[in-house]
Amino acid sequence: MRDIVRKFRVTDGEAFRLKQFDPGETCGLDIEKDEAKQLLQAGVKRLRELQERLYARKQWSVLIVLQAMDTAGKDGAIEHVMSGVNPQGCMVHSFKQPSAEELAHDFLWRAGCRLPERGGIGIFNRSYYEETLVVRVHEAILRAEGLPPDLVGKDIWKTRFKSIREFEKHLVRNGTVILKFFLNVSKDEQRRRLLARIDEPDKNWKFSAGDMAERQYWDDYQEAYQQMIAHTATGKAPWHVTPADNKWFTRIVLAATIIGALEKLDLDFPEVDDAARQTMAKARAQLLAEDGGRGS
């Protein structure tokens, strides 16, 4: 799986071209649905083992950023990939339309308030990158943010990309592993999934007229994603342009990427010193004495 993960990792955006990434790619994997489930479950089990060590050591934190067009499968990916993770050490935050309080601060402020603590995994379902996507596509949103007019010019996107790169460098320097995923769904597949939300009664609740409205800006969003990845992909905070037309493959790639990053940390459970061992020995003796030394 390492070679597959590497295929979608972008660490330098200079030569990046989104059009070169196929949303329907499966890297030649031709497996049955049940086999795909088994493969994912094996990954989920391994992820839980690594997360337990991450939580126990409380040195590193992991920030997972998910960005995508509507229907690309962010919610499903979180549900299936993180299904075995202890919720005590994992936080999911969905960034919606900014509140009045959030608009009164810089665009990175609300993300900073939601960062995972040491030992934790934080998942951003959409993120601070929305400020270079939806805000870029819909200029009226930018005008409503209340910035000084002199700061809202042609260079605003370059300066925001620079702010994001510096923000992520700061996080990495302080022990946060950043994994950024763009779930790359095709326009045809989005059409199929939107139709399913309309035609299948048990999916009606997922349909939003807003999704149709945003679909009209497809080309604008593709260009915004192109610029976003090209300007913010780095070795320490890479983007993973993950094919999203086949949900089973998307989830396997996400799981493999997260597992690979955690394995690189070489996590072990904290070592217990002699004083702690002595304390545990006394506690064990006391517990055994409670039932006459018979043990459990």
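What you see is a predicted model, and the numbers here were worked out from it, not measured in a lab.

The rules behind these values
- Residues numbered from 1 in each chain as written.
- Predicted model: local features only at pLDDT ≥ 70, side-chain atom pairs only at ≥ 80, totals over all residues.
- Heavy atoms only, no water.
- 1 Å grid on protein atoms, 1.4 Å probe; cavity = no way out; pocket = protein on both sides within 12 Å on 5 of 7 lines; lining within 4 Å.
- Points joined across faces, edges and corners; volume = space filled by probe spheres on them.
- Helix = DSSP H or I, 4+ residues; strand = E, 2+ residues; numbered from the N terminus.
- Nonpolar A, V, L, I, M, F, W, Y, C, P; charged D, E, K, R; others polar.
- Pairing = 2+ DSSP bridges.
- Contact = heavy atoms within 4.5 Å.
- Axes fitted to C-alpha atoms, helices over the stretch in contact; angles between N-to-C directions.

**Student:** Just to check I follow, could you spell out empty space enclosed by the protein for this structure?
**Tutor:** One water molecule sets the probe size; rolling that probe over the atoms shows where empty space is left. Following the criterion strictly, the structure yields two cavities of 30 Å³ or more and no others. Here the largest cavity is characterised by a volume of approximately 40 Å³. Every residue lining the largest cavity is listed: Ile-64, Leu-66, Ala-77, Ile-78, Val-81, Met-82, Ile-123, Leu-254 and Ile-258. Elements with a contribution of two residues or more to the lining of the largest cavity: strand 2 (61-68), helix 3 (74-81) and helix 12 (247-264). A total of three residues in the lining of the largest cavity trace back to one element, the largest contributor, which is helix 3. Split into classes, the residues belonging to the lining of the largest cavity amount to nine nonpolar, no polar and no charged.

**Student:** What is the right way to look at the sheet that holds strand 4 (residues 121-125) in this model?
**Tutor:** Within a beta sheet, neighbouring strands are joined by backbone hydrogen bonds and run either parallel or antiparallel to one another. Read from one edge of the open sheet, six strands run 1-6-5-2-4-3, paired in mixed fashion. Here the strands that pair on one side only, and so sit at the sheet edges, are strand 1 (9-10) and strand 3 (90-94). As defined by bridge partners, strand 5 (residues 176-184) adjoins strand 6 (residues 239-243) across five bridges and the pair is classed as parallel. Considered in strand 6, the bridge of Asn-184 is made with Pro-243. Where helix 8 (residues 156-173) meets the sheet, its contacts fall on strand 2 and strand 5, and the angle it forms with strand 5 comes to roughly 135°. Strand contacts of helix 12: strand 2, strand 5 and strand 6, with the helix running at about 165° to strand 5, the strand carrying the most contacts.

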